[in-house]
Amino acid sequence: MKYHLIDNKLFIKNRKNFMAQMKPNSLAVFNSNDIYPISADSTMPFEQHRDLFYLSGVDQEESILVLFPGCPKEKYREILFLKETNDHIAVWEGEKLTKEKALETSGVKTVFWLQDLEKIFGELMTYADTVYVNTNEHYRAAVETETREDRFTKWWKAKYPAHSVAKSNPILQRLRSVKDPIEIDLIQKACDITNKGFRRVLGFVKPGVWEYEIEAEYIHEFIRNRSRKFAYTPIIASGNNANVLHYIENNQQCKDGDLILMDVGAEYANYASDMTRTIPVNGRFTERQKAVYNAVLNVKNEATKMLVPGAYWESYHVEVGKLMTSELLGLGLIDKADVQNENPDWPAYKKYFMHGTSHHMGLDTHDYGLLHEPMQAGNVFTVEPGIYIPEEGFGVRLEDDVVINQSGAPFNLMRDIPITVEEIEDLMNS
């Protein structure tokens, strides 16, 4: 991998926290993701299952973690099963984890090759009553593909039908939503790389450049700083393209007088960053663009202060809506009659700001987190208000990533990334 080895204290702690919440006499299984085919002999780049990575740090295919804290055989309480490496694999695919390197990476002392799985799993099942299966229950998930995890669950249920089933996901939703200091450092690294990419772009953009050229500038800077890729498909939206919320074609020329909305983020060690900035193609905002921009910035700054322990996600968004309503009134985009006659289920401000303001972030760009439970210290959230005005041919969104503190305002992981009108204009014209 491009990233530096992560201190395995993180994964040891994560496993300990997970096992503390398991039922007596139970084991849990976590599978790596598949390598998905495209056609012929082509495959998509491998992406590790984030739950397996969170619990082990193992970042390769055909890997399985088994946790059985109550196993009568102590050496079987944590087990990694890995694809056996050999000289042929090393030549054709590169080196895979050895048992020694797996211990260094994960802190798991018992490592077997996958060919031993069925035999050892059979023995474990004679001791266990319950098996935790790892399903994807994220509120945004809509999975149609049968995963490696799904196939494994089918296999063991058919072979051992008398065992009870429990779910790993509710435990992981809580654990993963509160970040360890090591995780915060990794997310900060991803944000710092994104900062470098943005500053590079500020010196590159001018009338006539193409959106895809800007995308290329970002990925150049990301990879040269040990990021493997964008954390998500980048949005480089100039002019009216910014009013398409998930515009990803990135194939239009940037024109003098337009704004460019850029929603991009580097990943680092599988951890995401998620930034949005909106800049003028020619390096200068018009007065109208500046007014809308500062309205969005004001909402972002005020919304950020609301992210404190005990706050509820739904109530927070209601309060942000009030802030946005005030700004839209000031810009003349809505009037008092619009507000007085608004539909409570779709308030007047939604005409120009139709998406949510914040989501959990971490190993996934839209990370685990239970939205019906109060926020707590260690949660990482985005803050990303926007105003979209198709009739005026531009949209503005601004987004930072912040960590909720035990008290006071959150800590902004993107505090060093230029955001004010003055900073952006100065850097684009220096």
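Residues numbered from 1 in each chain as written. Predicted model: local features only at pLDDT ≥ 70, side-chain atom pairs only at ≥ 80, totals over all residues. Heavy atoms only, no water.

As recorded in an unreviewed UniProt entry, the protein chain goes by the name Xaa-Pro aminopeptidase, listed as coming from Dokdonia ponticola. In the Catalytic activity (unreviewed entry) part of its UniProt record, the protein chain is described as follows: "Release of any N-terminal amino acid, including proline, that is linked to proline, even from a dipeptide or tripeptide." (UniProt positions renumbered as here; feature names shortened; annotations may be inferred.)

**Remarks on the packing of helix 8 (residues 181-202) against helix 9 (residues 211-223)**
In contact at an axis separation of 8 Å, helix 8 and helix 9 are set at 140 degrees when each is read in the N-to-C sense. Taken together, helix 8 and helix 9 sit at an angle that is classed as oblique. For helix 8 against helix 9, the interelement crossing comes out right-handed. Contacts from Ile193, Thr194, Lys196, Gly197, Phe198, Arg200 and Val201 in helix 8 reach Ile214, Glu217, Tyr218, His220, Glu221 and Phe222 in helix 9. (Axes fitted to C-alpha atoms, helices over the stretch in contact; angles between N-to-C directions. Helix = DSSP H or I, 4+ residues; strand = E, 2+ residues; numbered from the N terminus. Parallel < 35°, antiparallel > 145°, perpendicular 65-115°, else oblique. Left-handed = near helix turned anticlockwise from the far one by under 90°. Contact = heavy atoms within 4.5 Å.)

**Quick notes on the packing of aromatic side chains**
Going through the model one piece at a time under the given rule, you end up with 16 aromatic pairs. Ring geometry for Phe18 and Phe30: centres 5.4 Å apart, planes at 80 degrees, overall edge-to-face. Taken together, the residues Phe18 in helix 1 (residues 9-19) and Phe30 in strand 1 (residues 26-31) connect sequence positions 12 residues apart. With respect to class, Phe18 is no different from Phe30; both count as buried. Over the ring of Tyr368 we find Arg176; its NZ or CZ atom is 3.9 Å from the centre of that ring. The positively charged end of Lys189 is found above the aromatic ring belonging to Tyr268, 5.8 Å away from the centroid. (Phe/Tyr/Trp six-rings, centres within 6.5 Å; stacked < 30°, edge-to-face > 60°. Buried < 20%, exposed > 50% of the residue type's maximum accessible area, 1.4 Å probe, protein only. Lys NZ or Arg CZ within 6 Å of the ring centre and 35° of its normal.)

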